Amino acid sequence: CNTFDLNYNNTIILDKIKPDYIFLFSGNLISSKVIGKASKGVIYVHPGLLPWLRGTDVVKHALLRDLPIGVTSHYIDDGIDTGDIITRYLLPINKDESFNLIKVRLNQLICATFVELALSINDNKRIYSVPQNKRFFLCRKTNENENKKFMELRDNNNAYFLYKRFLSSKDNIK
């Protein structure tokens, strides 16, 4: 993973403006120094359901692990997708939806979640969060075998069936 660290001039700008929050719009890691510049925290909307899908390629890993697709807003800490959870949203999947459309709608859900959080902050609403009590396997870039299996699952519309099974399960993710 690459660590994104603001250069000296940008760090000075953050010192001058003293932000309450920083919204992170990429999955890159940032340094503790940058995290500390926001008095109330750095917020990211992750394209997977935390704590079950941390790391990268999480949409592929969701299908590979029989988990539904969704997003999680959370505070950034020194770990990888381990900060306190603010919100989690499940992405509804339609039966004949292509995987490309699912990815587009997932990105729309990410944007809507950022907007919802920004509006809440603008309205001086308190942002509640809960710690992640469990740590699951860190998702890495999918390998060739995982990509082949993912393609089969994608072609068989498994995202829809996982979504429907999740909705009807008594043991769905809390």
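Up top is the structure these notes are about.
Read on for an overview of the structure. Note that the structure is predicted; figures quoted are calculated from it, not measured.

**Side note on the pattern of salt bridges**
Item 1. Tallying each qualifying case throughout the model produces 5 salt bridges.
Item 2. Note that lysine 141 and aspartate 57 form a salt bridge whose closest N and O atoms lie 3.6 Å from each other. A residue pair is termed long-range when its members are at least 10 positions apart, and lysine 141 in the loop between strand 8 (138-139) and helix 5 (144-155) and aspartate 57 in the loop between strand 5 (54-55) and helix 3 (58-64) qualify at 84 residues.
Item 3. Assessed through its relative accessible area of 61%, lysine 141 is described here as exposed.
Item 4. With a relative accessible area of 17%, aspartate 57 lands in the buried category.
Item 5. Its salt-bridge partner being aspartate 155, residue arginine 154 comes within 3.0 Å of it at the nearest N-O pair.
Item 6. By relative accessible area, which is 56% here, aspartate 155 ends up exposed.

**Points about the packing of aromatic side chains**
Item 1. In total, this model carries 6 aromatic pairs according to the counting rule given.
Item 2. Here phenylalanine 25 and phenylalanine 114 contribute two aromatic rings whose centre-to-centre distance is 4.2 Å and whose plane-to-plane angle is 35 degrees, an arrangement assigned as tilted. Of this pair, phenylalanine 25 sits in the loop between strand 2 (21-24) and strand 3 (29-30) while phenylalanine 114 sits in helix 4 (residues 99-122), placing them 89 residues apart in sequence.
Item 3. Owing to a relative accessible area of 7%, phenylalanine 114 belongs among the buried residues under this scheme.
Item 4. Centroid distance tryptophan 52 to phenylalanine 136: 6.2 Å. Interplanar angle 45 degrees. Geometry classified as tilted. Here tryptophan 52 is found in the loop between strand 4 (41-46) and strand 5, whereas its partner phenylalanine 136 is found in the loop between helix 4 and strand 8, with 84 residues between them in sequence.
Item 5. Pairwise contacts between aromatic rings join Phe23, Phe25 and Phe114 into one cluster.

What counts, and where the lines are drawn
Residues numbered from 1 in each chain as written. Predicted model: local features only at pLDDT ≥ 70, side-chain atom pairs only at ≥ 80, totals over all residues. Heavy atoms only, no water. Salt bridge = Lys/Arg side-chain N within 4 Å of Asp/Glu carboxyl O. Helix = DSSP H or I, 4+ residues; strand = E, 2+ residues; numbered from the N terminus. Buried < 20%, exposed > 50% of the residue type's maximum accessible area, 1.4 Å probe, protein only. Phe/Tyr/Trp six-rings, centres within 6.5 Å; stacked < 30°, edge-to-face > 60°.

All quantities given are derived from atomic positions and should not be read as evidence of function.
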